[in-house]
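What follows is the residue order along each chain.
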Amino acid sequence: MTSKKKKFTVAVDLDDTVWDFVSPLLERYNETYKDNVRKEQITDWNIHSFLKPECKSIFAEFGDDDFYSKLRIKPSTKRRLKFINRHANLYFVTACHSATMLNRSKALARELPWFDDSQLVKLNSKQKFRCSYLIDDCIDNCMYSDGESYLVAQPWNNKVSFETVRRYSDLDYHCLPKRVADVDKALNEVIRDIWRWRRY
C-alpha cells in the first residue's frame, strides 16, 4: 500500500470487548465466596444483583494489580488491531474508575507493543467521542455515536431489541448499531472499509 493519510477514527471499548473481563473477575469471586456464578448468568448491567450480598464491590475487591497483569487479548484480535492502528486513528475508550487507568495502560502496552498512552481515553459517555466507528458492549454507548457502531454480544445486552430502541428514540434504521458475535467481526468490518478507501 502507498502512504496515505489516515481517514478513519476508531474507538474500541476494553472490558468484555477487547479482552474478557467479567469471567476472570467471577473466578476470583467464586473462589472467595464459595459461589458458582458464570458469565452467562449475568443478564443485566447490575452485576451485583447476581452475587452474594456480602460482596459489596466485585471490581474494587478483585480488580487489583495482579488481576490486570493477567488480562489477555486474543491473537486474532491483536492482528486486527495492529492493522487498524497502522491505517487509522485507533483509541481505546473506557468508562472505568480513574484508579484503574494505569493498570489498563500497562496491560495494553504488554499485549500491544505498538500501543501509546495517548490512545487510552477515559470517558463515561462514549457518545461524546467523535469517531468513524465505535465498538462496545453497551447499547447506550452505541445508540448515538457519531459514526457506525457495533454492539458486541454479551449476556447483559442480549435482551436488547433494536426495533424497540428505534421505536422509542429518534433513530432511523440506518443509524442503529449492528450486533456482532465478537469484537473480531466488528474489526473485520472496519478493516474492509479501510481497504476500500485505500484502494481508491
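Here is what the cut-offs are and how they apply
- Residues numbered from 1 in each chain as written.
- Predicted model: local features only at pLDDT ≥ 70, side-chain atom pairs only at ≥ 80, totals over all residues.
- Heavy atoms only, no water.
- Salt bridge = Lys/Arg side-chain N within 4 Å of Asp/Glu carboxyl O.
- Helix = DSSP H or I, 4+ residues; strand = E, 2+ residues; numbered from the N terminus.
- Buried < 20%, exposed > 50% of the residue type's maximum accessible area, 1.4 Å probe, protein only.
- Disulfide = S-S within 2.5 Å.
- Pairing = 2+ DSSP bridges.
- Right-handed = clockwise from strand over helix to strand, strands pointing away.
- Polar contact = N/O pair within 3.5 Å; in protein donor to acceptor, adjacent residues only side chain to side chain.
- Contact = heavy atoms within 4.5 Å.
- Phe/Tyr/Trp six-rings, centres within 6.5 Å; stacked < 30°, edge-to-face > 60°.
- Axes fitted to C-alpha atoms, helices over the stretch in contact; angles between N-to-C directions.
- Parallel < 35°, antiparallel > 145°, perpendicular 65-115°, else oblique.
- Left-handed = near helix turned anticlockwise from the far one by under 90°.
- Nonpolar A, V, L, I, M, F, W, Y, C, P; charged D, E, K, R; others polar.

Caption draft 1: Region of interest: the pattern of salt bridges. Taken as a whole, this structure holds 19 salt bridges when the rule is applied. Ionic pairing is found between D13 and K126, a salt bridge with its closest N-O pair at 2.7 Å. Separated by 113 residues along the polypeptide, D13 in the loop between β1 (9-12) and α1 (22-33) and K126 in the loop between β3 (120-122) and β4 (133-136) bring together distant segments of the chain. A relative accessible area of 5% places D13 in the buried class. Residue classification places K126 among the buried positions, given a relative accessible area of 4%. Taking the shortest distance from any N to any O, the salt bridge between R28 and D64 comes out at 3.0 Å.

Caption draft 2: Molecular detail of the state of the cysteines. A complete count under the given rule lists 0 disulfides for this structure. C96 takes part in no disulfide bond, and the closest cysteine sulfur to it belongs to C138, at a distance of 15 Å. Owing to a relative accessible area of 7%, C96 belongs among the buried residues under this scheme. The thiol of C138 is unpaired, and the distance to the nearest cysteine sulfur, on C142, comes to 7.1 Å.

Caption draft 3: Seen up close, the pairing of strand β2 (residues 89-94). The pairing of β1 with β2 spans 4 bridges and is parallel. The partner of V12 across the bridge, within β2, is F92. Taken together, β2, helix α5 (residues 101-111) and β3 constitute a β-α-β crossover, and its handedness is right-handed.

Caption draft 4: Focus on the side chain of T77. Inspection of the secondary structure puts T77 in helix α4 (residues 75-87). In this structure the side chain of T77 is engaged in a polar contact, spanning 2.7 Å, whose partner is the side chain of D184. The contact partners of T77, leaving out residues within four places of it in the chain, are V18, V183, D184 and L187.

Caption draft 5: Structural view of the packing of aromatic side chains. One pass over the full model with this rule turns up 12 aromatic pairs. Aromatic side chains Y33 and F62 sit 6.3 Å apart centroid to centroid with 85° between the ring planes, which places their arrangement in the edge-to-face category. Here F62 lies in helix α2 (residues 58-62) and Y33 lies in helix α1, a separation of 29 residues in the sequence. Across the pair, F62 and Y33 agree in class, each one buried. Grouping aromatic residues by their ring pairs yields a cluster made of F21, F59, F67 and Y68.

Caption draft 6: The arrangement of the sheet that holds strand β5 (residues 148-152) in detail. The parallel open sheet is built from 6 strands, whose spatial order is β3-β2-β1-β4-β5-β6. Strands at the two margins of the open sheet, each flanked by one partner only, are β3 and β6 (178-180). Across the sheet, the mean angle separating the axes of adjacent strands is 25° when strand polarity is ignored. Along the sheet, helix α8 (residues 183-199) makes contact with β1, β4, β5 and β6, crossing β4 at roughly 170°.

Caption draft 7: Spotlight on the packing of α4 against α8. Viewed as axis vectors pointing N to C, α4 and α8 meet at an angle of 30°, and their least axial separation amounts to 10 Å. With respect to their mutual orientation, α4 and α8 come out roughly parallel. Relative to α8, α4 is oriented so that their crossing is left-handed. Across from S76, T77, R80, L81, F83, I84 and H87 in α4, the residues of α8 making contact are V183, D184, L187, N188, V190, I191, I194, W195 and R198. Split into classes, the residues belonging to the contact of α4 with α8 amount to 9 nonpolar, 4 polar and 3 charged.

All we've got here are geometric facts, nothing functional implied.
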